[in-house]
Each structure stands twice: as structure tokens, then as C-alpha cells.
Amino acid sequence: QAHLEESGGGSVQAGDSLTLSCVVSGGMFSRYAMGWFRQASGTEREFVSTISWSSASIKYADSVKGRFTTYRDNAENTVYLQMNSLKPEDTGVYYCAARDFGSGIYSYANDYAYWGQGTQVTVSS
């Protein structure tokens, strides 16, 4: 049973950068595909990015492509989401998620068994 904990959220101005971290304890992090999702108030949770267990495959939502970068450190059991050129529409609660035996990339919330509690990102114009 994996436990995921996000950190790094905050309130920033448009154009600023933030880096979110997600530390995974329990389970086998090096075997997990990891995903980032976000949920704005009153909307459904949406896919942001995913990275396979080896980092060989990475996928981004079109809305963040070119601005966000996801990467992982298997030695530290941590996945990161570097967010540059933030926009007000990036505001929301950001969640990391883990899928066991994750050799591929997965962009649907139902693909993931384990979730963190989320971290709030607020971008002001």
C-alpha cells in the first residue's frame, strides 16, 4: 500500500514558477507509473502529466505542454512537476497518483490506484 504526499503548492503571480513534489512511501516506487492531475473548483479532475517507471515515456496535457515538466528520482521515491509561465487557469488542487507495474503512460484517473491528498496552487493575474 503506497502513501503519497504532495508539497510545493502556493499562491503566485501569472508568469511565475512553482515546483511540486510528491514523495511516495510504501510499495515499490521504481515500479510505479506516476501521474499528476488537477482539479479546479467546480470542475472535474483533469490530467496534467504522466511518467513511466523508467522515465522513458512522458506525456503532457495540451494545456501545459511546453510549460510544465515532470520528472522523477527513483532513488528518492519522488516525482516532480516543474511549472513555468503559470497562468490563472492553472489554479487548482494538484494531485499525484501512482499505478503499479507502470511501464507505460496513463492519462485517466481510473488508471491509478493510489492518490495523494493534493496541494493547492493559486495563480493570480
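Residues numbered from 1 in each chain as written. Predicted model: local features only at pLDDT ≥ 70, side-chain atom pairs only at ≥ 80, totals over all residues. Heavy atoms only, no water.

1. Examining the state of the cysteines
Counted by the stated rule, this structure contains 1 disulfide. Bridging cysteine 22 to cysteine 96, the disulfide has an S-S length of 1.9 Å. Across the S-S bond linking cysteine 22 and cysteine 96, the dihedral sits near 55 degrees, which makes this disulfide right-handed. Highlighted residues: cysteine 22 in strand β3 (residues 18-25) and cysteine 96 in strand β9 (residues 92-99), separated in sequence by 74 residues. For cysteine 22, a relative accessible area of 0% translates into the label buried. In this structure cysteine 96 comes out as buried when scored by relative accessible area, which is 0%. (Disulfide = S-S within 2.5 Å. Helix = DSSP H or I, 4+ residues; strand = E, 2+ residues; numbered from the N terminus. Buried < 20%, exposed > 50% of the residue type's maximum accessible area, 1.4 Å probe, protein only.)

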